Amino acid sequence: GIPEHRAEAGHILAGVGAATLLAGEVLARIGAPVAAFLGARPVGALDRAGLGVLAGLTLLGFVFLGLALASLFHPLLLAAAPLALLAASRPWRTPRPLLLDAAREARGFGWPALACCAAGLLSLTPRMLVPEADDDCRVYHLGVPWQYLQAGKALSRRATSGRVYS
């Protein structure tokens, strides 16, 4: 049989994959109305999903920044923000998953194109599974949001050394 630690790692990776797909679908649905409002005219399902994810990430980033600047940077509000944006996007209008339609369209590109995309994504996997090691990441991308969460608002002072967060 499969050693227990390998089976556990497989379950963890499956959970991470499912969470990533769910987050991608939520972002695509949040961003689709934003892209339409900005006048974007996606050609197909793949364009619609990709543009939706990018617009969703942008909108969610602005909402998180607004919460921090309004001294409302609290875990409950950070969790509620994407859910509120998802509800505002009226996901029941398109009950089929946007990413499923995008995947179906991507199959039409043929196996060489899909193999190139898979190779690119697989090359990123080891980097995504290890903790960040550089000071910029620890101080500004992890440390500053942690300070904001502790304070419940955006702070005007500079972040401290990365050694605090490693």
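Residues numbered from 1 in each chain as written. Predicted model: local features only at pLDDT ≥ 70, side-chain atom pairs only at ≥ 80, totals over all residues. Heavy atoms only, no water.

Participant: When you look at the overall build of the chain in this model, what are you seeing that I'm missing?
Facilitator: Looking only at helices and strands, the chain has 6 helices and 0 strands in total. Each helix and strand of the chain, placed in order from N terminus to C terminus, yields the pattern α-α-α-α-α-α. Each principal axis of the C-alpha atoms in the chain carries an extent, and together these give about 50 × 50 × 25 Å. A buried classification covers 23% of the 166 residues belonging to the chain. Long-range contacts, defined here as pairs at least 24 residues apart, represent 63% of the contacts in the chain between residues at least 6 apart. Element-wise, carbon and sulfur atoms account for 70% of the exposed surface of the chain, whose accessible area totals about 11500 Å². Measuring between centres, the 15 positive side-chain charges of the chain sit 8 Å from its 10 negative side-chain charges. (Helix = DSSP H or I, 4+ residues; strand = E, 2+ residues; numbered from the N terminus. Buried < 20%, exposed > 50% of the residue type's maximum accessible area, 1.4 Å probe, protein only. Contact = heavy atoms within 4.5 Å. Areas by Shrake-Rupley, 256 points an atom, 1.4 Å probe, with all protein chains shown as cover. Lys, Arg positive; Asp, Glu negative; His and termini not counted. Charge placed at Lys NZ, Arg CZ, Asp CG, Glu CD.)

Participant: Is there a simple way to think about the packing of aromatic side chains in this case?
Facilitator: For any pair of aromatic rings, the description consists of the separation of the ring centres together with the inter-plane angle of the planes. This model, assessed by the stated rule, comprises 1 aromatic pair. Between Phe73 and Tyr148, the ring centres sit 5.9 Å apart and the planes meet at 85°, which makes this aromatic pair edge-to-face. Placement of Phe73 in the loop between helix H2 (45–69) and helix H3 (75–88) and of Tyr148 in helix H6 (residues 135–151) is noted, with a sequence separation of 75 residues between them. Phe73 sits in the buried class, given a relative accessible area of 9%. (Phe/Tyr/Trp six-rings, centres within 6.5 Å; stacked < 30°, edge-to-face > 60°.)

Participant: I'm lost on the confidence of the model for the chain in this one. Help?
Facilitator: Parts of the prediction with low pLDDT should not have their coordinates interpreted in detail. Looking at the chain as a whole, its pLDDT mean stands at 82, while 90% of the residues score no less than 70. Ranking the elements of the chain by mean pLDDT puts H6 last with 77 and H3 first with 92. Counting interchain partners and residues more than four positions distant, the pLDDT-below-50 stretch residues 161–166 has 10 contacts. (pLDDT = per-residue confidence, 0-100.)

Participant: Whenever I open this one, H3 confuses me. Can you help?
Facilitator: An ideal rise of 1.5 Å per residue puts 20 Å on 14 residues; H3 measures up with 20 Å between its terminal C-alpha atoms. Buried within H3 we find Leu78, Ala81, Pro82, Leu85 and Leu86. Each element contacted by the buried residues of H3 is listed here: helix H1 (4–37), H2 and H6. Immediately downstream of H3, the backbone of Arg90 shows phi near 50°, a positive value. (Expected span 1.5 Å × (residues − 1).)

Participant: Is there a simple way to explain the pattern of salt bridges in this structure?
Facilitator: Pairing is possible between side chains of opposite charge, provided their charged atoms come close. Applying the stated criterion to the full structure yields 2 salt bridges. A salt bridge links Arg29 to Glu25; the nearest nitrogen and oxygen atoms lie 2.8 Å apart. With Arg29 and Glu25 both in helix H1 and 4 residues apart, this pair spans about one turn of that helix. Of the two residues examined, Arg29 and Glu25, each falls in the buried class. The closest approach of N and O atoms between Asp101 and Arg96, which form a salt bridge, is 2.3 Å. (Salt bridge = Lys/Arg side-chain N within 4 Å of Asp/Glu carboxyl O.)

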